[in-house]
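# Observations on the model geometry
Chain residues, written in single-letter form:
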Amino acid sequence: MAEPPAGAGAAELPLRARLSFAAGHFLNDLCASLWFTYLLLYLHAVLGYGHRLAGALLLAGQVADGLCTPLLGYEADRSAGCGRYGRRKSWHLAGTTCVLVSFPFIFNPCLGCKENTPQWAAFIYYLPFIIIFQFGWAATQISHLSLIPELVTTEHEKVELTAFRYAFTVMANITVYGLAWLLLNFQVDQPDRTEHLGIQDVPIFRNLSLIVVGLGAVFSLIFHLGTKEKPYPPGSLPQLEESTPLLQKEPTSPPRPLLIWKDWLLEPAFYQVAVLYMSTRLIVNLSQTYIAMYLTNSLLLPKEYIATIPLVMYISGFLSSFLMKPVNKWIGRNLTYFVGILVILAFASWVTLARQMGAEIYGAAVLLGAGSATILVTSLSMTADLIGTNTHSGAFVYGAMSFTDKMANGLAVMAIQNLHPCPTELCCPACISFYHWVMVLVTGGIAIAAIASLCCIMVWPIRIRYHAVCLQGLSGAGTAYGGTESLEGRSQRSTVN
């Protein structure tokens, strides 16, 4: 990665600031856990909607999120914030508000709908709430991710901050699944404890969504009170701090021009990281989406397992996230990601060979959780390394990465839903093998594609190529930016390990 500017990142970010930053995505993580794990299950098994309607609503949300994300990233890079409030935190506040006012309606029955109400009417009812929620979710995510390269500058600090962020993500998922387990096990109106989900479980998901929104609001407040962002407009110079020397050393070369969003589209490394990030998100999100279906329909386990197995997954991921910094220092980014992929492949192999599982499903869940945490933290760190010192356009990069992941996830879910072999889940024997092979393919199959993408990065390391070559040609043969350092030397310095 390129060398940080003089004086940047000299003081390490305090622990309190790192914790308050990580709390800023807690609401998003809580809602995402409910969205990916329980939306299809809730719409079909609880409310009784068909596979295609449930898949269409999830696809609509992913498309809305995918379209909003790069646009919001572009606007977030251009905006100056609200008054003295930083531009990133301003967008974060707007997104949080949208999530708070829209998400509870998604996990509540359609108001005014009856048993004979057509399903297309329910689709129209839920669609505006989903769009508002996804707009707010995207605004919160992009503004929060864009703060990472602005708060810290060194590679290992970025990994550590990303690991803190993912640790809170895992804590959010643990909270959701723990609450779901409590609500499923302490149903006072069902003493017989029916094993299958149904319309009687509507209060569980309604109460769960309300608790999630309340907790998320508290953590968002902590983020806004504890995270300090310099409120200078984009493109302007930051204010001098007390530790900034008044007399600067004469630079050996003119300042390196920063990349704008058009320049990113010409960089091969931009597409390399995008494919790897998309593959990572497909593994994490699709396994999270279909694990509940796999447990209840393929393994025929009681409905309490839809809370306990994801809970085990995220406890494993939580513990793994704290190993990211030393492991990255020891073996580097690429090998760390490869180790995570090997763990995912071990899970897929286990599921392939074991058609029936009892208590051993907990061991498989540990593998999936640890592998997912490893590849997600590492891919986010690679994205931060790609941005480097170009933090002014960081939101666009994160937005573009998120666009690929959201569109791919939505299309993949819709394709799986359309391939479903039967209209009902509980009484169709074909469902057993269907969700079994879905879990194998969304983990092992996509992991192979991720390995191919990782091999490309290992052959052609992540570095800024096209922009540097153009500037070298403009400044004269042999040197770039008018300096004495060769392009190859700078490229080696900006390469991700």
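Computed from a predicted model, the values in this text were never measured in an experiment. (Residues numbered from 1 in each chain as written. Predicted model: local features only at pLDDT ≥ 70, side-chain atom pairs only at ≥ 80, totals over all residues. Heavy atoms only, no water.)

### Topic: the overall build of the chain
For the chain, the count of helices and strands is 17 helices and zero strands. The buried share of the chain, taken over its 497 residues, is 56%. Considering only contacts in the chain between residues 6 or more positions apart, those separated by 24 or more positions represent 84%. (Helix = DSSP H or I, 4+ residues; strand = E, 2+ residues; numbered from the N terminus. Buried < 20%, exposed > 50% of the residue type's maximum accessible area, 1.4 Å probe, protein only. Contact = heavy atoms within 4.5 Å.)

### Observations regarding the packing of helix α1 (residues 15–22) against helix α8 (residues 202–226)
Taken N-terminus to C-terminus, the directions of α1 and α8 make an angle of 140°; their axes are 7 Å apart at the nearest point. In terms of their interaxial angle, α1 and α8 are classed as oblique. Taken as a pair, α1 and α8 cross one another with a handedness that is left-handed. Between α1 and α8, the contacting residues are Ala17, Ser20 and Phe21 on the first element and Ile222, Phe223 and Gly226 on the second. Here the contact of α1 with α8 is composed, by residue class, of four nonpolar, two polar and no charged. (Axes fitted to C-alpha atoms, helices over the stretch in contact; angles between N-to-C directions. Parallel < 35°, antiparallel > 145°, perpendicular 65-115°, else oblique. Left-handed = near helix turned anticlockwise from the far one by under 90°. Nonpolar A, V, L, I, M, F, W, Y, C, P; charged D, E, K, R; others polar.)

### Digging into the state of the cysteines
Going through the model one piece at a time under the given rule, you end up with one disulfide. Between Cys110 and Cys113 runs a disulfide, and the two sulfur atoms are separated by 1.9 Å. Here Cys110 and Cys113 share a disulfide; its torsion about the S-S bond, 45°, makes the bridge right-handed. Residue Cys113 is classed as partly exposed on the basis of its relative accessible area of 28%. (Disulfide = S-S within 2.5 Å.)

### Considerations on the packing of helix α12 (residues 324–353) against helix α15 (residues 430–459)
With their axes 9 Å apart at the nearest point, α12 and α15 run at an angle of 155° to one another. What the angle tells us is that α12 and α15 run roughly antiparallel. In terms of crossing hand, the pair formed by α12 and α15 is left-handed. Looking at the contact of α12 with α15 residue by residue, the class counts come to 18 nonpolar, five polar and no charged.

### Side note on the environment of His420
Relative to the helices and strands, His420 is located in the loop between α14 (394–418) and α15. Under the relative-accessibility criterion, His420 is labelled buried at 11%. When the C-alpha positions of His420 and Phe434 are compared, they lie 7.3 Å apart, and in sequence the two are 14 residues distant.

### Some words on the packing of aromatic side chains
Between two aromatic rings, the relevant description is the distance of the centres plus the angle of the planes. In the structure shown here, the tally under the stated rule is 18 aromatic pairs. Taking the centre distance of 5.8 Å and the plane angle of 40° together, the rings of Tyr177 and Tyr314 count as tilted. Within this pair, whereas Tyr177 is found in helix α7 (residues 155–185), its partner Tyr314 is found in helix α11 (residues 305–321), the two being separated by 137 residues in sequence. Of the two residues, Tyr177 and Tyr314, neither departs from the other in class, the shared state being buried. Put simply, the rings of Trp35, Tyr38, Tyr42, Phe103, Phe107, Phe133, Tyr177, Phe205 and Tyr314 touch in pairs and so form one group of aromatic residues. (Phe/Tyr/Trp six-rings, centres within 6.5 Å; stacked < 30°, edge-to-face > 60°.)

### Focus: a nonpolar patch on the surface
Together, Leu335, Phe338, Leu342 and Met458 line one region of the surface with nonpolar side chains, adding up to about 350 Å² of accessible area. Along the polypeptide, Leu335 turns up in helix α12. Residue Leu335 is classed as partly exposed on the basis of its relative accessible area of 42%. (Patch = residues over 30% accessible without salt bridge, like charges linked within 9 Å, V, L, I, M, F, W, Y side chains within 5 Å. Areas by Shrake-Rupley, 256 points an atom, 1.4 Å probe, with all protein chains shown as cover. Salt bridge = Lys/Arg side-chain N within 4 Å of Asp/Glu carboxyl O.)

### Notes on the layout of surface pockets
A volume near 270 Å³ is recorded for the second largest pocket. In terms of lining residues, the second largest pocket is bounded by 13 residues, among which Leu47, Tyr49, Cys113, Lys114 and Glu115 are the most central. Taken together, the residues that form the lining of the second largest pocket break down as eight nonpolar, three polar and two charged. (1 Å grid on protein atoms, 1.4 Å probe; cavity = no way out; pocket = protein on both sides within 12 Å on 5 of 7 lines; lining within 4 Å. Points joined across faces, edges and corners; volume = space filled by probe spheres on them.)

### Notes on the environment of Glu155
Structurally, Glu155 can be placed in helix α7. The exposure class of Glu155 is buried, given its relative accessible area of 17%. Between the C-alpha atoms of Glu155 and Lys325, which are 170 residues apart in sequence, the distance is 9.8 Å.

### Focus on the nonpolar core
Ranked by internal contacts, the top residues of the largest apolar core, which has 129 residues, are Tyr38, Phe107, Tyr126, Tyr290, Tyr294 and Met439. Dropping the residues within four chain positions of it, Tyr294 is found in contact with Leu299, Val351, Ala354, Met357, Ile361, Tyr435, His436 and Met439. (Core = buried A, V, L, I, M, F, W, Y, C linked by side-chain atoms within 4.5 Å.)

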